[in-house]
Amino acid sequence: MKRAGQMLFALFGLFVLGGCWNRVELNELSVIMGTAIDVEDNQWLTTFQVIIPQAIASQTVGGGGVSQSPISVFSTKGDSLAQAIQKISLESSRTPFFAHNRILIISEKAAREKGVSQIVDFYLRDGESRETVDVVLSKGPAKSILEVLNPQEKIPANAIDRIFYETETQLSFARRIKLSEFAAMLVTPALSAVAPEIRISGEREHRQSIDELAQTRQKAVLKIGDIGVFRKDKLAAWLSRDESIGIAWLSDRIENSVISFPCSDEEPESRRSTFLVDRSRTKITPVITSDTIKIKAAIDAHGTLDETGCNVNLSKPESIKLMEGQIKKQIERDIALSWKRAQALKTDIFGFGDKVHIHYPRKWKQLEQQWFDKLPDIELVSDLRVSIRRTGMINDSFSSKVKE
Amino acid sequence: MNIIHRLFRSGISHKIAAQQLQQAPLQAEELSAELESNVALIKQIFGNSSDLVFRRLTAPIGAGLAVAAVYVEGIVNADKINDHILKPLMQPSENEVASPDGGPFALLWNRILTVGGIQEVTQTPQLFSALLSGQTIVLIEGCSRAIAAETSGGDRRSVEEPRSQNVIRGSKEGFTEDIVVNASLLRRRIKSPNLWMETRTIGKVTQTQVSVMYLKGVANDKVVAEIGNRLNKIDTDSILESGYIEEFIQDATFTPFPTIMNTERPDAAAAGILEGQIAILVDGTPFVLLAPVTFFKFFHSSEDYYHRYDIMTFIRIMRYIAFIMSMLMPSLYVAITTFHQEMLPTTLLISLMAQREGVPFPALVEALMMELTFEVLREAGIRMPRAIGSAISVVGALVLGQAAVQAGLVSAGMVIVVSFTAISNFVAPAINIAIAARLLRFVLIFLAGTLGLFGIMAGLLAILIHMAGLRSFGVPYLTPIAPFIAANQKDVFIRVPWWLMIMRPKLLVQQNQKRQGTTAQAAFASRKKKKSDQKQEP
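Because the structure is predicted, anything quoted here is derived from the model rather than measured. (Residues numbered from 1 in each chain as written. Chains lettered and ligands numbered in written order. Predicted model: local features only at pLDDT ≥ 70, side-chain atom pairs only at ≥ 80, totals over all residues. Heavy atoms only, no water.)

> Explain the packing of aromatic side chains here, please?
Any two aromatic rings considered together are summarised by their centre-to-centre distance and by the angle between their planes. Counted by the stated rule, this structure contains 22 aromatic pairs over all chains. Taken together, a centroid distance of 5.4 Å and an interplanar angle of 70° make the contact between A:W364 and A:W371 edge-to-face. Side by side, A:W364 and A:W371 carry an identical accessibility label, which is buried. Taking 5.7 Å as the distance between ring centres and 25° as the angle between the ring planes, the aromatic pair formed by B:F105 and B:W109 counts as stacked. Here B:F105 pairs with B:W109, and both are found in helix α5 (residues 103-112), just four residues apart, close to one helical turn. By relative accessible area, B:F105 is classed as buried at 7%. Grouping aromatic residues by their ring pairs yields a cluster made of B:F257, B:F295, B:F296, B:F299, B:Y320, B:F323, B:Y477 and B:F493. (Phe/Tyr/Trp six-rings, centres within 6.5 Å; stacked < 30°, edge-to-face > 60°. Buried < 20%, exposed > 50% of the residue type's maximum accessible area, 1.4 Å probe, protein only. Helix = DSSP H or I, 4+ residues; strand = E, 2+ residues; numbered from the N terminus.)

Printed below as a string of structure tokens:
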């Protein structure tokens, strides 16, 4: 009897003294969807995009419309990242919650001056934040990116994530770089890390207002820009959009893409056709002889002819062949552009070093140290196979019919 | 558990001894030869109860024989008494009257009373039990022996469709309160001399008939003996429902899980008997007990075997999921929303957050409150007079659900969780297993509210360990999963077609395991072969 009482008391104590562990009610949380990191006066400036749930799920609360901004942005400064983040409690009434953080925007200044290793360290070390957060660069102050509202998505950070997803699957020239992948690229000695840039295009001063959402055309929108290339953990250079599509071709990251190509070598540049890449596979094989290193890139791409301004009869195999040849040339031009730029920068953004490591493990040990210096001497041999699988709903080009 | 057990037992035991003296059986008294003194004796002991009928008459036998027919009104078949006892006594045929050899007792016994069940009574306790079970006592002047004639009858509920355990397809018959009818319902389903029946009377005051029915040669003899043993040990004054018996004979008393099954359906009971279970029928209740039973049996409806096996397999699996849901949903909701918000998809998190905006109570309190509200509603729904039953649903659904959300007392998500939990609780075919889930739900909510998912895991582990330790008449409760019996898997989570269930479930049945020949299976195989042969031919 007495023992039973003691046992019950002990059990009861187990629950009560646990103090409900780390219980946080949902309405005590401030869910952070995006983080921006800037450097100001040699201090870390962290900015958070916090969601206002009532404004987002407006139909359950009543009211609706765009009366309240769905997000709120806080900025804090500190000597270290954690210190800056902790300071959010000076101005926020709720506990910051990082588990749903979607994007991490690092400003060019921070990435060039301070480097990204401390940021990566902090994110990997912290238990709450996830490694699946997208790493994004910004040329201007990163915090202003978080202030732009998007008309389609209520949460702008989600919108950025979606924009990257769409670009990745539809155009393939920029892709989402998750923090885990970014960290892996940073620590791989023969690989240069890359991260996409996001920018505000349009008039900056209009971007923050909720009234802006009442307009049909946004005065300021977020847009994917260049690709930042890192040397060690510091940002080294930018690749333009034209230069970056080659990266996708050479690193086998093409999911879908659009290639615009001229009708023939003779015809004027103004008349072009479009090829929609449905599927593509790239196989990289390094060939090392005694004195030269060659990289063979075998690319197999097929897709649909999406539009043509050329005067061709598409029912003839010859004209299809002709077009495929033009597509090939265009892809080769794209690849060459990226490759030349990478050679000039002495960065390996394609992961060729890894391929060499796999194919020539012994020679790699000698090459490893001077891999980046060797890059300008490496010859890239591309072997393309392009096939137009479908020509869409009509056969002959419409412009040829008009002329007759 | 034992401690609590002891706590209940220790203080009470000697009080029981004192009480039982008052109920000590009446002293046996021999009947006298005088009719009137016997009548007086019966009247005195029954306290002159008005439903006791004494029909005195003088039969035209010899010089006129004074006879009294005694019976209890209401529990006898009046027509039978009139036609087979009173009428022959009053109008005996000529030759019967003429030959009174062997005395009046033998005359009545042999020639006059035209009743099948008849016995001689010389002592009072016998007389009373015969009287109370609906027999008519014929007292004869000058004879110290009386005749008890079987005339039991009277109005009882007839065989109706069972109220609980409804099925779409299957027998519409349900057990009634009459043990004789119930036994006959089983006999009609299993027409085998191997269907054995043992009857005893339990309850010193209520004298309730309790019958044990089983299939000899299929049911485990040890279990039959054990059930008999435990029934014999019951020493109580009343048995009003089979629930009394269940509590007296079950293996573990301190558990929310039932270790004896009950059913209102004769087909379910017959199926159980055919698989080696033992049925315990109790007079006065339509609920027949079946033992031994395993945890999984509670999720099997008799209908599972009447519909197509593939569909019933799906439904059966759904039942298990619903059971787990009804136990875990609220606690998972509490744990995830207060401890593990990272587990929710962002959009769901946002909408849940918006709902919780302005809710004054922590999720734990909210959940307990809503669950309690629902339990009150459910209980009220059962007790309510039927005419205002619909009012309850309106009040419950509209006022408590919608208004509470609109007033900002509870979040809409919680209402959804609680209602889903409530609905899924009704899926289990056996109500007593559903009640177990209902009870454990509160414990789990509390664990979830204090320790999050760890608490739920700890609670589930404790429940699992407890279940693994349970036994029903020696059969481990989690058979055939723990211990794992491969052969029994055909009828646990899935139900294979009948022609594949050749063996009865092992462990319940030790002998005569084969339940059918393999001809059906062979026939199926040959049909299949024929088909494939046809395909091969161009």
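That covers the picture; the talk isn't over yet.
> Honestly, the domain arrangement of chain B in this entry has me stumped. Any pointers?
Often, the extent of an interface is quoted as the loss of accessible area on bringing the components together. Domains assigned within chain B are domain 1 (20-149), domain 2 (179-293) and domain 3 (309-476). A separation of 34 Å is found between the C-alpha centroids of domain 1 of chain B and domain 2 of chain B. (Domains from an automatic or database assignment.)

> Whenever I open this one, helix α6 (residues 124-132) of chain B confuses me. Can you help?
Side chains of residues three or four places apart in an α-helix project in the same direction, reflecting 3.6 residues per turn. All names here are of chain B. Restricting attention to buried positions, one finds in α6 the residues T124, L127, F128, A130 and L131. For α6, the arc enclosing every buried residue in end-on projection is 165°, short of the 170-degree limit, so these residues lie on one face. Elements that come into contact with the buried residues of α6 comprise α2 (35-45), β1 (52-59), β2 (65-72), β3 (118-121), β4 (136-140) and β5 (146-149). Of the residues trailing α6, G134 is marked for its positive phi of about 100°. (Arc of directions from axis to C-beta. Contact = heavy atoms within 4.5 Å.)

> Is there a simple way to think about the interface of chain A and chain B in this case?
Each partner contributes residues to the interface: chain A has 28 residues there, and chain B has 30 residues. At the junction of chain A with chain B, the criterion picks out two salt bridges. For the salt bridge of B:E357 with A:R94, the shortest nitrogen-to-oxygen distance reads 2.4 Å. Along the contact surface separating chain A from chain B lie twelve residue pairs in polar contact (both at pLDDT 80 or more). Those elements that place two or more of their residues in the side of chain A that touches chain B are α1 (2-17), β1 (29-40), α2 (53-56) and α3 (58-61) of chain A. Of the residues belonging to the side of chain A that touches chain B, the class tally is 18 nonpolar, five polar and five charged. (Salt bridge = Lys/Arg side-chain N within 4 Å of Asp/Glu carboxyl O. Polar contact = N/O pair within 3.5 Å; in protein donor to acceptor, adjacent residues only side chain to side chain. Nonpolar A, V, L, I, M, F, W, Y, C, P; charged D, E, K, R; others polar.)

> I would appreciate a short explanation of the nonpolar core in the present structure.
Nonpolar side chains in soluble globular proteins tend to be buried together. Ranked by internal contacts, the top residues of the largest apolar core, which has 181 residues, are A:F182, A:W249, B:F257, B:F295 and B:I433. With twelve residues, helix α16 (residues 431-469) of chain B is the single largest residue contributor to this core. Taken domain by domain, the makeup of this core includes at least three residues from each of domain 2 (179-293) and domain 3 (309-476) of chain B. Setting aside chain neighbours within four positions, we find B:F295 in contact with B:F257, B:F323, B:I433, B:M467, B:Y477 and B:L478. (Core = buried A, V, L, I, M, F, W, Y, C linked by side-chain atoms within 4.5 Å.)

> Explain the confidence of the model for chain B here, please?
Note: predicted coordinates in regions of low pLDDT should not be interpreted at a detailed level. All names here are of chain B. Per-residue confidence for chain B gives a mean pLDDT of 85, with 91% of residues at or over 70. The spread of mean pLDDT over the elements of chain B runs between helix α1 (residues 2-22), the lowest at 48, and strand β9 (residues 278-282), the highest at 95. ipTM for the predicted complex: 0.83, alongside a pTM of 0.83. (pLDDT = per-residue confidence, 0-100.)

> Would you mind going over the side chain of B:Q355 with me for this structure?
Residue and element names in this part refer to chain B. Secondary-structure assignment places Q355 in helix α12 (residues 346-356). Within polar-contact distance, the side chain of Q355 engages the backbone nitrogen of G413 at 2.8 Å. Residues in contact with Q355, not counting those within four places in the same chain, are S411, A412 and G413.

> Can you help me understand unusual backbone geometry in this one?
With the exception of glycine, most residues fall at negative phi, and the peptide bonds are largely trans. Residues and elements named next belong to chain B. P292 follows A291 through a cis peptide bond whose omega is -10°. A cis amide bond, omega 5°, links T479 with the succeeding residue P480. In this fold, P480 is placed in the loop between β12 (475-476) and α17 (519-536). Look at Q207: it is not a glycine, yet its phi comes out positive at around 50°. As for its position among the elements, Q207 is in the loop between β6 (195-202) and β7 (208-215). The partly exposed category is assigned to Q207, whose relative accessible area is 46%.

> Would you explain the state of the cysteines in this entry?
What we call a disulfide is simply a covalent bond connecting the sulfur atoms of a pair of cysteines. Residue and element names in this part refer to chain A. Across all of its chains, the model carries one disulfide over all chains by this definition. Across the disulfide, C263 is cross-linked to C310 (sulfur-sulfur distance 1.7 Å). Between C263 and C310, the disulfide has an S-S torsion of -90° and is therefore left-handed. Here C263, found in the loop between β10 (257-262) and β11 (272-288), pairs with C310, found in the loop between β12 (293-308) and α11 (317-345); they are 47 residues apart in sequence, far enough to count as distant. Its relative accessible area of 5% is what places C263 among the buried residues. Using a relative accessible area of 1% as the deciding quantity, one classes C310 as buried. (Disulfide = S-S within 2.5 Å.)

> Looking at this structure, how should I read the sheet that holds strand β10 (residues 288-291) of chain B?
All names here are of chain B. Spatial strand order, β6-β7-β9-β10-β8: five strands in an open sheet with antiparallel pairing. Single-partner strands in this sheet number two, and they are β6 and β8 (261-263). Sheet twist, expressed as the average angle between the axes of neighbouring strands with direction ignored, equals 25°. Inspection of the sheet shows β6 paired to β7 by eight bridges, in the antiparallel sense. (Pairing = 2+ DSSP bridges. Axes fitted to C-alpha atoms, helices over the stretch in contact; angles between N-to-C directions.)

> What exactly am I supposed to notice about the pairing of strand β2 (residues 43-51) of chain A here?
Every other side chain in a regular strand lies on the same face of the sheet, so the side chains alternate between the two faces. Residue and element names in this part refer to chain A. With eight of nine residues buried, β2 is to be regarded as a mostly interior element. The pairing of β1 with β2 spans eight bridges and is antiparallel. Among the inter-strand pairings, G34 is bridged to a residue of β2, identified as Q49. From the end of β1 to the start of β2, which pair antiparallel, there are two residues, and D41 there has a positive phi angle of about 50°. Relative to strand β3 (residues 71-78), β2 runs antiparallel, the two sharing eight bridges. Among the inter-strand pairings, T46 is bridged to a residue of β3, identified as T76.

> I tried to follow the pattern of salt bridges on my own but got confused; where do I start?
Between side chains of opposite charge, pairing is possible as soon as their charged atoms come close. Applying the stated criterion across every chain yields a total of 43 salt bridges over all chains. A salt bridge links A:R112 to A:E108, with the shortest nitrogen-to-oxygen separation between them at 2.9 Å. Of this pair, A:R112 and A:E108 both sit in helix α5 (residues 108-113), four residues apart, which is roughly one turn of that helix. The class for A:E108 is buried, based on a relative accessible area of 16%. Across the salt bridge formed by B:E177 and B:R157, the nearest N and O atoms sit 2.9 Å from each other. Of this pair, B:E177 sits in the loop between β5 and α7 (179-189) while B:R157 sits in the loop between β5 and α7, and the two are 20 residues apart along the sequence. Since its relative accessible area comes to 23%, B:E177 is described here as partly exposed. In this structure, a network of salt bridges that share partners links the residues B:E371, B:E375, B:R378, B:R438 and B:R441.

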